[in-house]
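Architecture at a glance
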Amino acid sequence: MSDGPRTGSQTAFIFPGQGSQAVGMGKALADNFPAAQAVFDEVDAALNESLTQVMWDGPIDALTLTANAQPALMAVSLAALRVLETEAGLDLAREAAFVAGHSLGEYSALAAAGALTITEAARLLRIRGRAMQEAVPVGEGAMAALLGLDYDQAVAVAAEAAGDEVCEAANDNAPGQVVVSGTKAAVERAIVIAKEKGAMKALLLPVSAPFHCRLMGPAAEAMEVALSGSTVMTPRVPLVANVRASPVTDPAEIVRLLVEQVTGTVRWRESVIYMAGAGVTRMVEVGAGKVLCGLVKRIDKSVSTSAVGTAEDVAAFIAARNAAASAA
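We now turn to the structure provided with this report. (Residues numbered from 1 in each chain as written. Predicted model: local features only at pLDDT ≥ 70, side-chain atom pairs only at ≥ 80, totals over all residues. Heavy atoms only, no water.)

**Focus: the overall build of the chain**
What counts here: Secondary structure elements are taken from DSSP: a helix is a run of H or I of four residues or more, a strand is a run of E of two residues or more, and numbering for both begins at the N terminus. Between the two quantities, the radius of gyration covers C-alpha atoms and the globule rule is 2.2 Å times the number of residues to the power 0.38. Relative accessible area decides the class of each residue, using a 1.4 Å probe on protein chains only: under 20% of the type maximum gives buried, over 50% gives exposed, and in between gives partly exposed. Any two residues whose heavy atoms approach within 4.5 Å at even a single point are treated as in contact.
When you go through the chain residue by residue, the secondary structure sums to 15 helices and 10 strands. At 19 Å, the chain has a C-alpha radius of gyration in line with the 20 Å of a compact globule built from 328 residues. Each principal axis of the C-alpha atoms in the chain carries an extent, and together these give about 60 × 45 × 35 Å. In the chain, buried positions account for 57% of the 328 residues. Across the chain, the fraction of contacts at a sequence separation of at least 24, relative to all contacts at a separation of at least 6, is 74%.

**A closer look at the side chain of Asn 242**
Checked against the element boundaries, Asn 242 lands in the loop between β7 (239-240) and β8 (247-248). Judged by its relative accessible area of 1%, Asn 242 is buried. Discounting residues that sit within four places of it in the chain, Asn 242 has contacts with Gly 101, His 102, Ser 103, Glu 106, Gln 261, Thr 265, Val 266 and Arg 267.

**Focus on the layout of surface pockets**
Rules: Throughout, the protein atoms alone are placed on a 1 Å grid, and a set of points is a cavity if a 1.4 Å probe fits but cannot get out or a pocket if it is open with protein on both sides within 12 Å along at least five of seven lines; lining residues have an atom within 4 Å of a point. Grid points are joined across faces, edges and corners, and a volume is the space filled by probe spheres set on the points. For this scheme, ten residues count as nonpolar: Ala, Val, Leu, Ile, Met, Phe, Trp, Tyr, Cys and Pro. Four count as charged, namely Asp, Glu, Lys and Arg, and the remainder, Gly too, count as polar.
In this model, the largest pocket occupies a volume close to 730 Å³. Forming the boundary of the largest pocket are 33 residues, of which Gln 18, Gly 19, Asn 171, Leu 205 and Val 207 lie nearest the centre. Elements represented by at least two residues in the lining of the largest pocket include exactly α4 (60-64), α5 (66-87), α8 (118-134), β3 (141-147), β4 (167-174), β5 (177-183) and α14 (291-299). In terms of residue class, the lining of the largest pocket is built from 15 nonpolar, 16 polar and 2 charged. Estimates place the volume of the second largest pocket at around 160 Å³.

**Remarks on the nonpolar core**
Test applied: Within this scheme, the nonpolar core is defined by two criteria: the residues are buried Ala, Val, Leu, Ile, Met, Phe, Trp, Tyr or Cys, and they are joined through side-chain atoms within 4.5 Å.
Ranked by internal contacts, the top residues of the largest apolar core, which has 81 residues, are Phe 13, Phe 40, Met 55, Leu 92, Val 99 and Met 216. Apart from the residues within four sequence positions on either side, Met 55 is in contact with Ala 22, Val 23, Gly 24, Met 25, Phe 40, Leu 63, Ala 72 and Val 76.

**Here's the deal with the packing of aromatic side chains**
Each aromatic ring pair is specified by the distance between its two centres and by the angle formed by the two planes. Note the cut-off: Ring pairs shown here join Phe, Tyr and Trp side chains whose ring centres sit within 6.5 Å, with only the six-membered ring taken for Trp; geometry is labelled stacked below 30 degrees between planes, edge-to-face above 60, and tilted in between.
Under the defined criterion, the tally for this structure stands at 2 aromatic pairs. Taking 5.2 Å as the distance between ring centres and 80° as the angle between the ring planes, the aromatic pair formed by Phe 40 and Trp 56 counts as edge-to-face. Pair noted here: Phe 40 is in helix α2 (residues 34-47) and Trp 56 is in helix α3 (residues 51-57), with a separation of 16 residues, a long-range link. A relative accessible area of 0% places Phe 40 in the buried class. Ring geometry for Phe 98 against Tyr 274: centres 5.7 Å apart, planes inclined by 65°, an arrangement best described as edge-to-face.

**Details of the sheet that holds strand β6 (residues 201-204)**
To summarise the sheet geometry, strands pair through backbone hydrogen bonds and adopt either a parallel or an antiparallel arrangement. Put simply, the rule reads: Here, any two strands with at least 2 DSSP bridges between them count as paired. With axes taken as lines fitted to C-alpha atoms, and helix axes fitted only over the stretch in contact, angles between N-to-C directions fall between 0 and 180 degrees.
Read from one edge of the open sheet, 4 strands run β4-β5-β3-β6, paired in antiparallel fashion. The open sheet has two free edges, formed respectively by β4 and β6, since each of these has just one partner strand. Direction aside, the axes of adjacent strands within the sheet are offset by 20° on average. Pairing of β4 with β5 involves 6 bridges; the strand directions are antiparallel. Pairing of Asp 172 across the sheet is with Val 178, part of β5. Seen against the sheet, helix α10 (residues 184-196) touches β3, β4, β5 and β6 and runs at an angle of roughly 145° to β5. Strands β4 and β5 of the sheet are contacted by α14, whose axis makes an angle of about 85° with β4.

**As for the packing of helix α13 (residues 268-277) against α14**
To keep it simple, the criterion reads: Roughly parallel refers to an angle under 35 degrees, roughly antiparallel to one over 145, roughly perpendicular to one between 65 and 115, and oblique to any angle outside these ranges. Helix crossings are classified by the rotation of the near helix relative to the far one: an anticlockwise turn of less than a right angle makes the crossing left-handed, while a clockwise turn makes it right-handed.
Running from amino to carboxyl end, α13 crosses α14 at an angle of 70°, the nearest separation of the two axes being 10 Å. With respect to α14, the axis of α13 lies roughly perpendicular. As α13 packs across α14, the resulting crossing turns out to be right-handed. Packed against α13, whose contacting residues are Trp 268, Arg 269, Val 272 and Ile 273, the element α14 presents Leu 292, Leu 295, Val 296 and Ile 299 at the interface. Classifying every residue of the contact of α13 with α14 by side-chain character gives 7 nonpolar, no polar and 1 charged.

All quantities given are derived from atomic positions and should not be read as evidence of function.
Spelled out as structure tokens, the structure:
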């Protein structure tokens, strides 16, 4: 299979990451569509607990725990995708040029493309969430959003702030929106330096650990072990990988990049630029919220976006699909 897009396919399906969680997410999908309920049942069985109870009843503090949020967001994404397949006749392998996901969303993308089973993705994300949480003692790490600086400027700020500690660019989300991660004191210095360098805003993020920096080394080691015991198949659709911002289909390479992703920069801006440059004109965010749609619009206004995470979104997707078929 080629790593490039299929000829004639202009749509990419993208999957959200942490921060998009909300109590109640996915409940209406489960209530209205048996295919969605089946996904949630599979995730609960994989984890041997009722994660859906936390998702639908809260409290938000429990849902936001990294070990819960990661498999929960994947569950909503895959539930929504299964509904599109059963209700709208979506054939991802035929219709998608690429799949991509933001951080944990990469696992959702791989499950959507058939490289991982839902059960495997849920188990891996539970391990990933716990390992990332436990890699750094609470309070010792931090993340901050630097708004109004480009990526190179943010990298320079992080390097200046680091000193003999850690401060690195964690997420290159969109033009003028870069997140840095590292030891708390270094990240706090980065906020001061960023403002001195002309950032419009620089603020600490309400996260429980410093994700996507080298402090996550123990979590990367844990994922290397976990993934070595997992079955990763060739995806039906090329994955645009976070740390490479280019497509990959080889299972061994996918595993290597998933391990690298734990400590590496999420190159979302470059990933969107790559997909648009490869002919993608439409991106569909599948799962909770619309964060990625907003980022895509900031990166390339010519790419159309839509989000599918609720029963209403499914109805809108089907209506748009029917209208396009009628016009064809």
